[in-house]
Amino acid sequence: MSNDRDDSNQQNRRRLLQGIGALPLVGMTGLSHGAAPATSAINTTKLAITDTEVTVGQLHSATGTMAISETGSIQAEQLAIDQINAMGGILGRKIKVIKEDGASDWPTFAEKSKKLLVNDHVAAVFGCWTSASRKAVLPIFEKENGLLYYPTFYEGLEQSKNVIYTGQEATQQILWGLDWASKEKKAKTFFLVGSDYIWPRTSMKIARKHIESVGKLGSVVGEEYYPLGNTNFNSLINKIKVAKPDCIFAAVVGGSNVAFYKQLKAAGITGAKQFLLTLSVTEDEMLGVGGENFAGFYSSMKYFQSLDNDNNKKFVAAFKGKYGPKSVIGDVTQAGYLGPWLWKAAVEKAGSFDVNKVVAASPGIELKIAPEGYVKLHDNHHLWSKARIAQGQPDGTFKVVAESKELIEPNPFPKGYQ
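Everything quoted here is computed from the prediction, not taken from an experiment.

Thresholds applied
Residues numbered from 1 in each chain as written. Predicted model: local features only at pLDDT ≥ 70, side-chain atom pairs only at ≥ 80, totals over all residues. Heavy atoms only, no water. Phe/Tyr/Trp six-rings, centres within 6.5 Å; stacked < 30°, edge-to-face > 60°. Buried < 20%, exposed > 50% of the residue type's maximum accessible area, 1.4 Å probe, protein only. Lys NZ or Arg CZ within 6 Å of the ring centre and 35° of its normal. Helix = DSSP H or I, 4+ residues; strand = E, 2+ residues; numbered from the N terminus. Polar contact = N/O pair within 3.5 Å; in protein donor to acceptor, adjacent residues only side chain to side chain. pLDDT = per-residue confidence, 0-100. Contact = heavy atoms within 4.5 Å. Core = buried A, V, L, I, M, F, W, Y, C linked by side-chain atoms within 4.5 Å. Salt bridge = Lys/Arg side-chain N within 4 Å of Asp/Glu carboxyl O. Expected span 1.5 Å × (residues − 1). Arc of directions from axis to C-beta. Pairing = 2+ DSSP bridges. Axes fitted to C-alpha atoms, helices over the stretch in contact; angles between N-to-C directions.

## What to know about the packing of aromatic side chains
Under the counting rule described, the total for this entry stands at 26 aromatic pairs. When the centroid spacing of 5.4 Å and the interplanar angle of 65° are considered together, the rings of Y226 and F233 count as edge-to-face. On the accessibility criterion, Y226 (12% relative accessible area) is buried. Three or more aromatic residues joined by ring pairs form one cluster here, namely Y226, F233, F260, Y261, F294, F297, F304 and F398. Here the basic side chain of R134 rests over the ring of Y150, its NZ or CZ set 4.9 Å away from the ring centre. A cation over a ring is seen here: R201 above Y225, with NZ or CZ 4.1 Å from the ring centre.

## Structural notes on unusual backbone geometry
Despite not being glycine, C128 shows a phi value in the positive range, around 70°. Tracing the sequence through the fold places C128 in the loop between β3 (125-127) and α5 (131-144). Overall, the relative accessible area of 1% leaves C128 in the buried class.

## Comments concerning the side chain of S280
Turning to its location among the elements, S280 is positioned in the loop between β9 (275-278) and α10 (283-289). The buried category is assigned to S280, whose relative accessible area is 1%. Within the local environment of S280, its side chain forms a polar contact with the backbone oxygen of V252, the two atoms lying 2.6 Å apart.

## Observations regarding the confidence of the model for the protein chain
Close reading of the predicted structure is inappropriate where its pLDDT is low. For the protein chain, per-residue confidence averages 92 on the pLDDT scale, and 92% of positions sit at 70 or higher. In the predicted structure, residues 1-33 sits below a pLDDT of 50 and forms 36 contacts with residues beyond four places in sequence or in another chain.

## Observations regarding the side chain of Q172
With respect to the element layout, Q172 can be found in helix α6 (residues 170-185). At a separation of 2.9 Å, a polar atom in the side chain of Q172 contacts the main-chain carbonyl oxygen of I408. In contact with Q172, other than residues within four places in its own chain, are L383, W384, S385, A387, I408, E409 and P410.

## Here we look at the nonpolar core
Core analysis: the largest hydrophobic core is formed by 76 residues, its most contacted members being I174, F190, F249, F260 and Y261. In terms of residue count, α6 provides more of this core than any other element does, 6 residues in total. Counting 46 residues, the second largest nonpolar core, distinct from the first, contains I81, A124, L367 and V375.

## Comments concerning the pattern of salt bridges
By the definition in use, this model includes 18 salt bridges. The salt bridge partner of R201 is D196, with a shortest N-O separation of 2.6 Å. A salt bridge links E224 to K239; the shortest N-O distance between them is 3.1 Å. You can see E224 sitting in strand β7 (residues 219-226) and its partner K239 sitting in helix α8 (residues 234-243), a full 15 residues away along the chain.

## Observations concerning helix α4 (residues 106-119)
The terminal C-alpha atoms of α4 lie 19 Å apart, and with 14 residues this matches the ideal 20 Å at 1.5 Å per residue to within 8%. Where the residues of α4 are buried, they touch β1 (53-60), α3 (67-86), β2 (94-101), β3 and α5. Phi turns positive one or two residues past the end of α4, at H121, with a value near 55°.

## So, α8
By the burial criterion, the buried members of α8 are L236, I237 and I240. One face of α8 carries all of its buried residues, which in axial projection span an arc of 100°. Phi turns positive, to about 50°, at K244, one or two residues after α8.

## Here's the deal with the sheet that holds strand β4 (residues 148-150)
In spatial order, the strands read β2-β1-β3-β4-β5; together these 5 strands make up an open sheet with parallel pairing. The open sheet terminates on both sides in strands that have one partner only, identified here as β2 and β5 (163-165). Strand-to-strand twist across the sheet, computed as the mean angle between neighbouring axes with direction ignored, equals 25°. Pairing geometry for β1 and β2, over 8 bridges, is parallel. Residue pairing for β2: V56 is matched across the bridge by V97.

Following this line, the structure appears as structure tokens:
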């Protein structure tokens with residue numbers, strides 16, 4: 001048995017190293033193998049750092065309704081950390097991870113974030129998914145001067161010294177997506193639907209302003225919200241049938257997506273008959289939803305697993321090599337992968353793990369190995385990224401049908417949408 005396990009471990013390590021070897025290292029710093037700097041010089045704030053290790057936290061929902069969405073982020077962050085460790089770590093130190101489960105419960109996220117920062121003294125945290133979980137932990141990160149890498153597309157209207165936002169904000173997803181719907185699909189009437197918490201409600205407030213006043217795209221003919229975990233959408237579907245919108249604009253999250261799209265199809269609302277654009281179905285959710293239930297509908301994201309570039313091909317191969325050929329990669333999964341690499345680059349640029357120094361070194365960092373293509377960190381702690389629209393396919397994959405010509409500058413506080 002032990003020989004079998006050794007062989008398996010060697011195969012896993014070989015696959016990982018092959019994946020690392022395939023990653024371009026252009027733009028990465030600190031890859032020399034000189035003596036590691038003294039701990040006293042690079043850790044002046046009593047973080048959990050030794051001469052050989054630096055400890056970070058992972059804080060996601062491994063259980064509960066959000067696990068369907070957050071599992072990919074957990075996996076991608078671990079892949080990045082494994083790859084960085086195989087290259088020698090950061091400033092001569094291997095990364096050790098303490099994993100905590102937010103359990104799809106916002107008070108639990110707050111409690112676990114305090115544990116990671118106050119008890120464990122982690123140097124950085126990669127975590128959260130929903131805006132509700134991020135809002136729950138934000139006061140703790142700011143009070144304790146922690147550093148959070150947050151991977152999810154979100155509503156914007158926030159900027160914190162203690163958060164690096166690796167997903168897109170409203171101008172890069174909501175506004176660009178609505179403009180595409182208006183121009184390419186001639187949509188003039190919109191039915192807004194979302195889960196009932198901060199991100200969907202704020203996103204739809206922004207969407208309504210863009211549709212009715214700022215962008216002057218048309219009118220909103222319905223707006224409905226349902227609790228997280230809700231599985232009965234029959235009343236909503238009846239309202240949609242009555243309203244007959246040109247576009248269903250959706251921000252239903254987590255496990256509720258499975259019931260929502262299955263019930264739409266059962267009611268005869270399919271991609272062949274109805275234009276639907278969502279902000280919240282990636283390849284991760286598609287595993288539960290099923291391609292047959294989403295086929296023909298559209299998602300507005302910055303990343304899809306099917307992107308045809310060398311960075312992404314190598315990333316997908318490394319991810320599937322670690323998690324199996326049937327594993328999939330969604331938008332937030334990819335954004336989660338960026339976090340450890342951005343942190344590594346900032347630490348090496350700063351020559352220190354101290355949060356204030358890492359934060360100061362972060363603006364302007366370029367990541368040329370990003371699977372989405374290329375990203376750059378703005379002074380406002382958000383990423384320059386491209387926007388994309390893709391159509392769901394019957395086999396559960398996405399076909400990219402539109403892409404912004406250039407990287408879109410992040411603007412978390414767009415005028416007219418406050």
